[in-house]
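Letter by letter, the chains look like this.
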Amino acid sequence: MVGSAVVRNLEAKGFTNFVTRTHAELDLTNQEAVKDFFEREKPNQVYLAAAKVGGIHANSTYPAEFIYDNLMVQNNVIHQAFVHGVKKLLFLGSSCIYPRLAPQPMSEDALLTGKLESTNEPYAIAKIAGIKMCESYNRQYSASHGVDYRSVMPTNLYGPGDNYHPENSHVIPALIRRFHEAKINQLPEVVIWGTGTPRREFLYVDDMAAASVFVMELDKKTYDQQTEPMQSHINVGFSSDVTIAELAKAVGQAVGYEGAISFDTSKPDGTLRKWMDSGRLNNLGWQPHVSLKDGLNLAYTDFVQSYFASV
Ligand SMILES: NC(=O)c1ccc[n+]([C@@H]2O[C@H](COP(=O)([O-])OP(=O)(O)OC[C@H]3O[C@@H](n4cnc5c(N)ncnc54)[C@H](OP(=O)(O)O)[C@@H]3O)[C@@H](O)[C@H]2O)c1
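This write-up is about the structure you can find in this document. (Residues numbered from 1 in each chain as written. Predicted model: local features only at pLDDT ≥ 70, side-chain atom pairs only at ≥ 80, totals over all residues. Heavy atoms only, no water.)

## Digging into the overall build of the protein chain
Across its full length, the protein chain holds 11 helices and 11 strands. Relative to the 2.2 N^0.38 estimate, which gives 19 Å for 311 residues, the radius of gyration of the protein chain is 20 Å and therefore close to what a compact globule would have. With the C-alpha coordinates of the protein chain rotated into their principal frame, the extents come out at 65 × 40 × 40 Å. Classification of the 311 residues of the protein chain by burial places 47% in the buried group. A sequence separation of at least 24 residues applies to 82% of the contacts in the protein chain between residues at least 6 apart. Computed over 28 positive and 34 negative side-chain charges, the inter-centroid distance for the protein chain is 3 Å. (Helix = DSSP H or I, 4+ residues; strand = E, 2+ residues; numbered from the N terminus. Rg over C-alpha atoms; globule rule 2.2 N^0.38 Å. Buried < 20%, exposed > 50% of the residue type's maximum accessible area, 1.4 Å probe, protein only. Contact = heavy atoms within 4.5 Å. Lys, Arg positive; Asp, Glu negative; His and termini not counted. Charge placed at Lys NZ, Arg CZ, Asp CG, Glu CD.)

Here it is as structure tokens:
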């Protein structure tokens, strides 16, 4: 999802010379294959958007794959980028790097101040290792090799190219699918787990891509002024959040579902609020542009296209 949006953003800016690979074309956990790729293609800049990604169910079911695949992908790509002379690289992390009980909104300096949320700890540990890998390469090789590897930490993302798998997807694509199926099957009610009161933040994927390109293109002096050598990551959020009940209503409207929405309060709610402090990025001059309403309409159009393409 993000990788395609970064390409869309760069294309719109007039860039043409992209080197992209799908998972089927290049397994980034394979060290030799990644080495061959860099030797052959010799890219100038790298956006590392590939990762094993999923919601709570996927993280709980495949913890070994979440830590192994993500560590291997980022170790291979970051190291081979360095070995092959890439000076600029952007690593995509996640808001789950922050401690479970981090003060809200979560600012960059909350990293490594407490215990992580246990359900996605393996994924979060890999992402933290990715940030520290970029920082360590900067600290050792910036002066000698001009290395400048940066990290951005997105909040929850949604939009074209999302994963609509019935079990392994994130909350917005899962709701889009459920409301769409309820509409098609004329179901009178959609039941949402929990009370609907937890608050979450969502960012449209093209805003995320724009933020990624913005951070990559910041001049080094400005980036260095806003970050520290051992705390170099930058949060990317929408800067406001919604309750799950508000989100469900908005998804229902985007889908055109006219039935009722109810809440199964016997099911757990999870963390009451997860919200990022994006002040560092906003101070640098970046703001999101796509409202949740517009973003959900665009996401639903994409879902309908991919849903009917797959059936
Ligand atoms: N989506 C979100 O809400 C969210 C939130 C915070 C951070 N992020 C981060 O943003 C980045 C992009 O996420 P996304 O939402 O765009 O996820 P995505 O749509 O699942 O894209 C990730 C891509 O990486 C590929 N991939 C996975 N393992 C690979 C491997 N071993 N070798 C080569 N390619 C591999 C996947 O291919 P297959 O699908 O074929 O395996 C997929 O095409 C990730 O770093 C993610 O952690 C995402």
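Now, onward.
## Describing the pairing of strand β2 (residues 88-92)
Across the five residues of β2, five count as buried, placing the element largely inside the fold. With burial as the criterion, each face of β2 is covered, one bearing K88, L90 and L92 and the other bearing L89 and F91. Here four bridges tie strand β1 (residues 45-48) to β2, and the two strands are oriented parallel to one another. Across the sheet, residue Q45 finds its bridge partner in β2, namely K88. Summarising the sheet, β2 and strand β3 (residues 148-154) pair through five bridges and their orientation is parallel. Residue L89 lies in a different strand from β3, and its bridge partner there is Y149. One crossover worth recording links β2 to the parallel β3 by way of helix α5 (residues 121-145), and it is right-handed. (Pairing = 2+ DSSP bridges. Right-handed = clockwise from strand over helix to strand, strands pointing away.)

## A word on the state of the cysteines
Throughout the structure, instances matching the rule amount to zero disulfides. Of the cysteine sulfurs around C96, a residue in no disulfide, the closest is that of C134, at 16 Å. Residue classification places C134 among the buried positions, given a relative accessible area of 0%. (Disulfide = S-S within 2.5 Å.)

## Some remarks on the sheet that holds β3
Within the open sheet, the four strands sit side by side as β1-β2-β3-β8. Their pairing is parallel. In the strand order of this sheet, the two ends are held by β1 and β8 (233-236), each with one partner. Ignoring which end each strand starts from, the neighbouring axes of this sheet average 20 degrees apart. (Axes fitted to C-alpha atoms, helices over the stretch in contact; angles between N-to-C directions.)

## Concerning the pattern of salt bridges
Side-chain pairing between opposite charges can occur once the charged atoms of the two side chains come close. Enumeration according to the criterion identifies 11 salt bridges in this entry. Put simply, D148 and R150 hold a salt bridge, and the shortest N to O gap is 2.7 Å. Here the two residues D148 and R150 agree in accessibility, since each one is buried. Across the salt bridge formed by K267 and D264, the nearest N and O atoms sit 3.3 Å from each other. Beyond isolated ion pairs, a larger network of salt bridges with shared partners links R199, D241 and R273. (Salt bridge = Lys/Arg side-chain N within 4 Å of Asp/Glu carboxyl O.)

The values reported here are purely geometric and, on their own, carry no functional implication.
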